[in-house]
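# Working through the structure, step by step
Okay, here's what each chain looks like letter by letter:
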Amino acid sequence: MKTTPISKYALLFITSMSIISCSTKFDDSYYIDPNNPSKASGTQLIANSQFYLPNVSSSAFGVHYPQYLSLTTFTDNTRFISSVFNFSTWYTGPLNNLENVISNADVLNANEGPVINQLAVAKILKSFFTWHVTDRWGDIPYSEALQGTAMSTPKYDKQQDIYNNIFTLLEEANSSIVTTNGAIKNDIVYGGNILKWKKLGNTIHLLMALRLSKVDPEKGKIEFAKALAAGVFESNADNLSYPHLAEVDHENFWYTSFTRLGRKWYALSKPLVDYMKPLNDPRLPIFGDKNSVGEYNGLEFGKAIPNPDVDIPQVSLLGERLREQNSPVNIVTYAQVLFAKAEAAKLGWIVGGDVQAKIFYEDAITQSISQWTGSTSSAADFIAQTTVQYNSTKAIQQIAEQRWVHLFLNGYEAWAEWRRTGFPLLTLSSDNNGGKIPRREGYPSQEATNNKTNYDAAVASFPYGGPDGFDTRVWWDKP
């Protein structure tokens, strides 16, 4: 996914605000220059932030943590060679854009939609991107971040505090949205539909609440109930999906890799195919292509010595339908809501117990199949299989495994759910990161130099101890 440089929109925003101070030199009724607006375009900054949404899912790294894809060549990413990753793009890109909108409400252009709704959408997106970052790294700069040169060495906030702040931010967004004539302009993903944004914010709130199931279940239960009461996704029509275009600047990440660059590097993993194939899962033909002999065959995950000339004909590469130039990317979905409700019912967070959990579980699978295949015709037969049928004694595992299948390619989210639940039962060979699947990503290397005091303090206060690297747990990943 290619992202539009921030400079264009940041410059527009700065220029717009600088003009405000001298806008009274002209009689607006006589002359209005569209190239020099007297109000800043918050929706253009929001749109620029939306360009980064597919990067939450489309990643050459994220897909490997939950073992969705194996590599036919250049296997370092599946062998977890690099443990240090840079979070600066999220701060200088979408989070900076969104903070500019939130911090400058008084100069936003009401002609682009109600200012209160522009602010609400900015808060929802800021919450979503921050959630993504903190779930990968744990404690991160937050309360002192996004202040430019005024604070170039921000402290690292505790992940628990960040979660609590995001919950509050999402509640503010939900309560402030006006639905009558509430559409905003320049909205790439929802076309300005503010009701869908409202449901998205509450859905994010719901999914975040479930992250607390091990570390603080009472708080999680409270926040889960708030989100449900506020109104979450109700169908696949509400899904947050990024609509790629059939053009080079906005094409699908996997199209760029497979077609433009000719890199047939990504095959379905053996763990995924070995789970789906015996169940005749109707989603498998979407996820992968058949191999040279017409079979679905997964590639061993984390191979030390790849042999692409042999591997490629024998294994199922990533499905063609998911790597077309304009293939959309699913980011937050209705089926996730249903899986969350199923787990919440089983945990006793919502009423209904196993009876209700079974209903949500089966509906989640049905909606997942519908999302991926465009039909529900195969859902009943799939669910009727003995190993898929809801079993109260292993319901959490079943829900987690089917959620894992559903989240295909949304690697960072699936990885977070694997860390939280421990399912599916994935393994690594002993020569791959000591046989341990990563539990967080290491901080950017420059932080240890440029922000040393705060970096050292963050590393010293990891909630469960450990060094700055793959094997240290974030706050909600309680052992």
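The notes below deal with the structure included here. Just so we're clear, the structure is a prediction, and the values are computed from it rather than from any experiment.

### Things to note about the overall build of the chain
For the chain, the helix and strand inventory stands at 19 helices and 6 strands. Expected size for 479 residues packed as a compact globule is a radius of gyration near 23 Å; at 23 Å, the chain falls within 12% of this value. Principal-axis analysis of the C-alpha atoms gives the chain an extent of 75 × 50 × 45 Å. Counting only residues that meet the buried cut, the chain has 54% of its 479 residues in that class. Considering only intrachain contacts with a sequence separation of at least 6, the fraction spanning at least 24 residues in the chain is 75%. Summing over all exposed atoms, the chain offers an accessible surface of approximately 19400 Å²; the carbon and sulfur share of this is 52%. Averaging the coordinates of the 42 positive side-chain charges in the chain and doing the same for the 47 negative ones gives two points 3 Å apart.

### Re helix α19 (residues 452–460)
Burial in α19 covers these residues: N454, Y455 and A458. Projected onto a plane normal to the axis of α19, the buried residues spread over an arc of 100 degrees and lie on a single side. Exposed residues on α19 whose side chains face more than 90 degrees from its buried face are T453 and A460. Each element contacted by the buried residues of α19 is listed here: β3 (156–157) and α18 (447–450).

### Remarks on the nonpolar core
One finds L69, F287 and F408 to be the most contacted residues of the largest nonpolar core, which totals 132 residues. No other element matches helix α5 (residues 115–137), which puts 11 residues into this core. Non-local contacts of F408, meaning those with residues more than four positions away in its chain, are made with Y68, L69, L268, L272, F287, L318, L322 and W372.

### What to know about the packing of aromatic side chains
Applying the stated criterion to the full structure yields 32 aromatic pairs. Relative to F470, the ring of F85 lies with its centre 6.3 Å away and its plane at 45 degrees, an arrangement referred to as tilted. One end of the pair, F85, is in the loop between β1 (69–71) and α4 (88–103); the other, F470, is in the segment after α19, and 385 residues separate them in sequence. On the basis of relative accessibility, which here comes to 9%, the residue F85 falls in the buried class. Every member of this aromatic cluster is reached through a ring pair, and the members are F61, Y65, F80, F85, F301, Y412, W415 and F470.

### Here we look at helix α6 (residues 159–176)
For α6, spanning 18 residues, the distance from its first C-alpha to its last is 26 Å, which sits close to the expected 26 Å at 1.5 Å a residue. If you check which residues of α6 are buried, you get Q159, I162, Y163, I166, F167, L169, L170, A173 and N174. Down the axis, α6 shows its buried residues gathered within 165 degrees of arc, on one side only. In this structure, the buried residues of α6 make contact with α5, β2 (140–141), β3, α7 (194–210) and α8 (217–230).

### Brief notes about the pattern of salt bridges
Pairs can form between side chains of opposite charge once their charged atoms are near each other. Evaluated as defined, the whole model comprises 31 salt bridges. For D139, the salt bridge identified is with K158, shortest N-O distance 3.8 Å. With D139 in the loop between α5 and β2 and K158 in the loop between β3 and α6, the pair connects residues that are 19 residues apart, well separated along the chain. Residue D139 is classed as buried on the basis of its relative accessible area, which comes to 6%. For K158, a relative accessible area of 35% puts it in the partly exposed group. The shortest N-O distance in the salt bridge between K226 and E223 comes to 3.4 Å. Highlighted residues: K226 and E223, both in helix α8, separated by 3 residues, approximately one helical turn. Residue classification places E223 among the buried positions, given a relative accessible area of 1%. A single salt-bridge network, built from bridges that share partners, covers D135, R211, E343, R403, E413, E417 and R420.

### Some thoughts on the side chain of K199
With respect to the helices and strands, the residue K199 is situated in helix α7. Among the polar contacts listed, one links the side chain of K199 to the side chain of E234, at a separation of 3.3 Å. For K199, the contacting residues outside a window of four places in its chain are G231, V232, F233, E234 and D238.

### Observations concerning unusual backbone geometry
For the peptide bond that leads from F423 to P424, omega is 0 degrees, which places it in the cis range. Residue position: P424 is located in the loop between α17 (411–421) and α18. The phi torsion at N280 lies on the positive side, around 50 degrees, for a residue other than glycine.

### Observations concerning the packing of helix α14 (residues 353–373) against helix α16 (residues 395–406)
Contact geometry for α14 and α16: axes closest at 10 Å, N-to-C directions at 10 degrees. In terms of orientation, α14 lies roughly parallel with respect to α16. Packed against α14, whose contacting residues are Y361, I365, S368, Q371 and W372, the element α16 presents Q398, I399, Q402 and H406 at the interface. When the residues that make up the contact of α14 with α16 are grouped by side-chain class, the tally is 4 nonpolar, 5 polar and no charged.

Definitions and cut-offs
- Residues numbered from 1 in each chain as written.
- Predicted model: local features only at pLDDT ≥ 70, side-chain atom pairs only at ≥ 80, totals over all residues.
- Heavy atoms only, no water.
- Helix = DSSP H or I, 4+ residues; strand = E, 2+ residues; numbered from the N terminus.
- Rg over C-alpha atoms; globule rule 2.2 N^0.38 Å.
- Buried < 20%, exposed > 50% of the residue type's maximum accessible area, 1.4 Å probe, protein only.
- Contact = heavy atoms within 4.5 Å.
- Areas by Shrake-Rupley, 256 points an atom, 1.4 Å probe, with all protein chains shown as cover.
- Lys, Arg positive; Asp, Glu negative; His and termini not counted.
- Charge placed at Lys NZ, Arg CZ, Asp CG, Glu CD.
- Arc of directions from axis to C-beta.
- Core = buried A, V, L, I, M, F, W, Y, C linked by side-chain atoms within 4.5 Å.
- Phe/Tyr/Trp six-rings, centres within 6.5 Å; stacked < 30°, edge-to-face > 60°.
- Expected span 1.5 Å × (residues − 1).
- Salt bridge = Lys/Arg side-chain N within 4 Å of Asp/Glu carboxyl O.
- Polar contact = N/O pair within 3.5 Å; in protein donor to acceptor, adjacent residues only side chain to side chain.
- Axes fitted to C-alpha atoms, helices over the stretch in contact; angles between N-to-C directions.
- Parallel < 35°, antiparallel > 145°, perpendicular 65-115°, else oblique.
- Nonpolar A, V, L, I, M, F, W, Y, C, P; charged D, E, K, R; others polar.

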